[in-house]
Structures are given as structure tokens and as C-alpha cells.
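The chain contents come next:
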Amino acid sequence: MGDRWRIGFIALTAVVVALAIASAIFSAVTPAPSQSEARYTPTATPSPSPSPRLTFTLQPPTSTPVATETPNPSPTFMSYVFRPGDTLIAIARKFGVTLQALLAANPDITNPARVKDGQTILIPPPGWEPSPSPSSSPSPS
């Protein structure tokens, strides 16, 4: 009885190992294509057969893409939680913005010396300046 159990255990172990190896082989991730490989581009072409088919043409690799700067129509503001010891001037310097831009981004701050600890303020991106409002232009006298 002992030998029969030992042979069954060995056979079961061999099956489990074989399944693990097969699983590893079939679940292997294929590597991403390198830049030197050609790419397939699908194109729709008329086919003489009654059913339309897509054909693929082999395109040579393209040159390395060049990064171009695209204008961002809406600047991204960050939020900052005011902590004990913070001042608006120090925060403006830390984030590379002017105090005027920081105050313009936070119109609820009426007195820069009285910002409360824990208050969330908006930090504009560096170089951001508020657009002038029509009412702020000087009136002719």
C-alpha cells in the first residue's frame, strides 16, 4: 500500500509541475516592438471580391518624434493648505509666483496678514498673471 501511495504522489507532483511550466510558457508577455521594426498600418482598399476586406501595408519605421510645445489653454492651479508659520510671500517664493498673482488667484483673501492656518489656497502656475478686468482699467479724468 505504501509503494502505491508513493507512486501516486510522484505522479500527481509531476502533473502539477507540468501544469505550472505550461502556464508559465503560455502566459509569457511578448516584448514591445523596437523602433527598428516596421509597423503595420491598416488601409481600406477596394477589393474585387464581393466582401470588402481590410488589407495591411508594411510601412518603414518613422523617424524619432520631436517634442513640440503646445500651448495650454487653461493653466493648472495647485491647492495648498496654509500651515502655522506660513506667509503668503514665502509661499509665493516657494512656488515661483508673484504675490500679486497669488492674491489674484485667491480673491477671498482680503487681508494677506490674516490667512488662517488650515485654509486652502490656490497656487497659480509660475508666470501666470491674471487677465485685467474691464472695471480695473483707469478711467479718464
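Everything in this summary refers to the structure shown in the same document. Just so it is clear, the structure is predicted and the values come from calculations on it, not from any experiment.

Here we look at the pairing of strand β4 (residues 120–123)
Part 1 of the reasoning: Across the two faces of β4 the burial differs, with Ile121 and Ile123 buried and Thr120 and Leu122 not buried at all.
Part 2 of the reasoning: Relative to β4, strand β3 (residues 78–81) runs antiparallel, the two being bridged by four bridges. Each bridged residue has a counterpart across the sheet, and for Tyr80 the counterpart in β4 is Ile121.

Brief notes about helix α2 (residues 88–95)
Part 1 of the reasoning: The complete set of buried residues in α2 reads Leu88, Ile91, Ala92 and Phe95. Around the axis of α2, the buried residues are gathered within 100° of arc, so they sit on the same side. Along α2, exposed side chains directed more than 90 degrees from the buried face belong to Arg93 and Lys94.
Part 2 of the reasoning: Residues of α2 that are buried make contact with β3, α3 (99–105) and β4.
Part 3 of the reasoning: Just downstream of α2, Gly96 is the residue with a positive phi angle, here 70°.

Considerations on the pattern of salt bridges
Part 1 of the reasoning: According to the stated counting rule, one finds one salt bridge in the structure shown.
Part 2 of the reasoning: With a shortest N-O distance of 3.6 Å, Asp3 and Arg6 are connected by a salt bridge. In this pair, Asp3 and Arg6 are both assigned in helix α1 (residues 2–26), three residues apart and thus about one turn of the helix distant.
Part 3 of the reasoning: Overall, Arg6 belongs to the exposed group, its relative accessible area being 52%.

Some details on the side chain of Asn106
Part 1 of the reasoning: You can see Asn106 is positioned in the loop between α3 and β4.
Part 2 of the reasoning: Taking relative accessible area as the criterion, Asn106 reaches 4% and is therefore assigned buried.
Part 3 of the reasoning: Within the local environment of Asn106, its side chain forms a polar contact with the backbone oxygen of Leu102, the two atoms lying 2.8 Å apart.
Part 4 of the reasoning: Beyond its immediate stretch of four places on either side in the chain, Asn106 contacts Ile121 and Leu122.

A short note on the environment of Thr76
Part 1 of the reasoning: By secondary structure assignment, the location of Thr76 is in the loop between β2 (54–59) and β3.
Part 2 of the reasoning: For Thr76, a relative accessible area of 56% translates into the label exposed.
Part 3 of the reasoning: For the pair Thr76 and Pro124, spaced 48 residues apart in sequence, the C-alpha to C-alpha distance is 7.0 Å.
Part 4 of the reasoning: In this structure, Thr76 is in contact with Ile123 and Pro125, ignoring residues within four places of it in sequence.

Cut-off values and rules
- Residues numbered from 1 in each chain as written.
- Predicted model: local features only at pLDDT ≥ 70, side-chain atom pairs only at ≥ 80, totals over all residues.
- Heavy atoms only, no water.
- Buried < 20%, exposed > 50% of the residue type's maximum accessible area, 1.4 Å probe, protein only.
- Helix = DSSP H or I, 4+ residues; strand = E, 2+ residues; numbered from the N terminus.
- Pairing = 2+ DSSP bridges.
- Arc of directions from axis to C-beta.
- Contact = heavy atoms within 4.5 Å.
- Salt bridge = Lys/Arg side-chain N within 4 Å of Asp/Glu carboxyl O.
- Polar contact = N/O pair within 3.5 Å; in protein donor to acceptor, adjacent residues only side chain to side chain.

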